[in-house]
Amino acid sequence: MLFCIRLTSILVRSAQSCSRCARSLKTMNTELRAIVMSGPSGGGKSTLLNKLFAEFPGCFAFSVSHTTRKPRPGEENGVAYHFVTHEKFKELIQKNAFLEHAEFSGNMYGTSLQSVKDISQSGKLCVLDVEINGVKSIKKSGLTPAPRYIFIAPPSLEVLKQRLLARNTETEESLQKRLDTAEEALNYSKEKGAYDHVIENNDLDIAYEKLKGILFEDIKKVQDNLRK
């Protein structure tokens, strides 16, 4: 009889523990919002995200997009992008594998819905780096919970042009296309309700502190759950 009582007690405590874990996972999955980062190439998104990932390891997971463009020097497949052929990309479109996808400068870019789900279920903050049309597509997708939309803006188009020229990776034609796209993105960012937050990246340290402040509560939730 005593053994049965002790066994019952153990089973009750185990069930309570499992219940707490389930509630914790449910809280992470329902409360954490994906972070949609957007802004023109050369605006500083990658630099800001790298600083964020370095300061808060284990809190974020980057949603790696698919693209048909060729890798640049130093870019690793599956890390910078999933580099695929045009044929493979079209196949994924037919399978409705993308949350959003768009074409730019003759190349296709897309965000896999599965990658966002996987990150969300892991309890980490999912980060998506997409351009203007991607932002619009994600808004139409009905993704829940609604993502947090953040736009990283350069001080001006002229400053952006100088940053792009310093890369030595652009042709005259591709540079002009990027500037035209940047102007469109900047105009959209000024529309009411387009983004939750717009950060001007004139000074990197100041821009980073603003970004960190915006995400502080989300980061704290992840850290608290990691300690449980």
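No experiment lies behind these values; they were computed from the predicted model shown.

(A) Molecular detail of the sheet that holds strand β3 (residues 66–67). Strand order across the open sheet formed by 4 strands is β4-β3-β6-β5, with mixed pairing between neighbours. With one partner strand each, in any of the chains shown, β4 (82–83) and β5 (98–104) form the two edges of the open sheet. Note that β3 and β4 share 2 bridges and pair parallel. Pairing of H66 across the sheet is with H82, part of β4.

(B) Molecular detail of the pairing of β5. Among the 7 residues of β5, 5 are classified as buried, and the element is accordingly described as predominantly covered. Pairing analysis gives 6 bridges linking β5 to strand β6 (residues 107–112), with the strands arranged antiparallel. Among the inter-strand pairings, F98 is bridged to a residue of β6, identified as S112. Here β5 folds back onto β6, and the loop between the two strands holds 2 residues, one of which, S105, carries a positive phi near 50°.

(C) Structural detail: the sheet that holds strand β2 (residues 60–62). Strand order in the open sheet formed by 5 strands is β2-β7-β1-β8-β9, and the pairing between neighbours is parallel. Since the sheet does not close on itself, it has two edges, and those belong to β2 and β9 (197–200), each with one partner. Within the sheet, the average angular offset between the axes of one strand and its neighbour, ignoring direction, is 25°. Each of β2 and β7 (125–129) touches helix α4 (residues 113–122); the most contacted strand, β7, lies at about 155° to it.

(D) View of the packing of aromatic side chains. Inspection of every chain in the model, using the stated rule, returns 7 aromatic pairs. Relative to Y195, the ring of F151 lies with its centre 5.0 Å away and its plane at 45°, an arrangement referred to as tilted. Remark: Y195 occurs in the loop between α7 (172–189) and β9 and F151 occurs in strand β8 (residues 148–153); sequence separation between them is 44 residues. Per residue, the accessibility class of F151 equals that of Y195, and both read buried.

(E) Layout of the nonpolar core. Counting residues in each nonpolar core, the largest one holds 21 residues, and the members touching the most others are V36, L128, V135, I138 and Y195. Where this core is concerned, the elements lending two or more residues are α4, β7, α5 (132–141), β8 and α7. Apart from residues no more than four positions distant in its own chain, Y195 is found in contact with S38, V135, K139, Y149, I150, F151, Y188 and S189. Of all hydrophobic cores here, the second largest spans 20 residues; its members include I35, I150, L211 and V222.

(F) Up close: the pattern of salt bridges. Within the structure shown, the criterion is met by 12 salt bridges. Residues K212 and E209 are paired through a salt bridge, measuring 3.4 Å at the closest nitrogen-oxygen approach. Linking K212 with E209, this pair stays in helix α8 (residues 204–227), spanning 3 residues, or about one helical turn. Taking relative accessible area as the criterion, K212 reaches 16% and is therefore assigned buried. Here K220 and D224 are joined by a salt bridge, their closest N and O atoms 3.2 Å apart. On the criterion of helical spacing, the pair formed by K220 and D224 is a turn pair, its members being 4 residues apart in helix α8. Look at K220 and you get partly exposed, because its relative accessible area is 38%. Among the charged side chains, a network of salt bridges with common partners joins E55, E209 and K212.

(G) Summary view of the packing of α5 against α7. At a minimum axis separation of 9 Å, α5 and α7 run at an interaxial angle of 40°. By the angle between their axes, α5 is oblique relative to α7. Note on element contacts: α7 touches α5 through E184, A185 and Y188, opposite I132, V135, K136 and K139. By residue class, the composition of the contact of α5 with α7 is 4 nonpolar, no polar and 3 charged.

Cut-off values and rules
Every chain's residues receive numbers from 1 upward, in the order its sequence appears when written. Reporting of local features is limited, given that this is a predicted model, to residues whose pLDDT is at least 70; pairs of side-chain atoms are given and counted only at 80 or more, and all residues count toward the totals for whole chains, interfaces and linings. Think of the side-chain values as coming from all heavy atoms in the structure, minus any hydrogens and water. A pair of strands is treated as paired once DSSP finds two or more bridges between them. Counting from the N terminus, the helices are DSSP H or I runs at least four residues long and the strands are E runs at least two residues long. Accessibility here uses a 1.4 Å probe with only protein chains present; expressed as a share of the type maximum, an area under 20% marks a residue as buried, one over 50% as exposed, and anything in between as partly exposed. Axis lines are fitted through C-alpha atoms, for helices just across the contact stretch, and the angle between N-to-C directions can take any value from 0 to 180 degrees. Here, residues are in contact when the closest pair of their heavy atoms is within 4.5 Å. We call Phe, Tyr and Trp rings a pair once their centres come within 6.5 Å, taking the six-membered ring for Trp, and we label the pair stacked below 30 degrees between planes, edge-to-face above 60, and tilted otherwise. By nonpolar core is meant a set of buried Ala, Val, Leu, Ile, Met, Phe, Trp, Tyr and Cys residues that side-chain atoms within 4.5 Å join together. Counted as salt bridges are all cases of a side-chain nitrogen of Lys or Arg within 4 Å of a carboxyl oxygen of Asp or Glu. Any angle that is under 35 degrees is reported as roughly parallel, and any over 145 degrees as roughly antiparallel; angles of 65 to 115 degrees are reported as roughly perpendicular and all others as oblique. In this classification, Asp, Glu, Lys and Arg are treated as charged, Ala, Val, Leu, Ile, Met, Phe, Trp, Tyr, Cys and Pro as nonpolar, and every other residue, Gly included, as polar.

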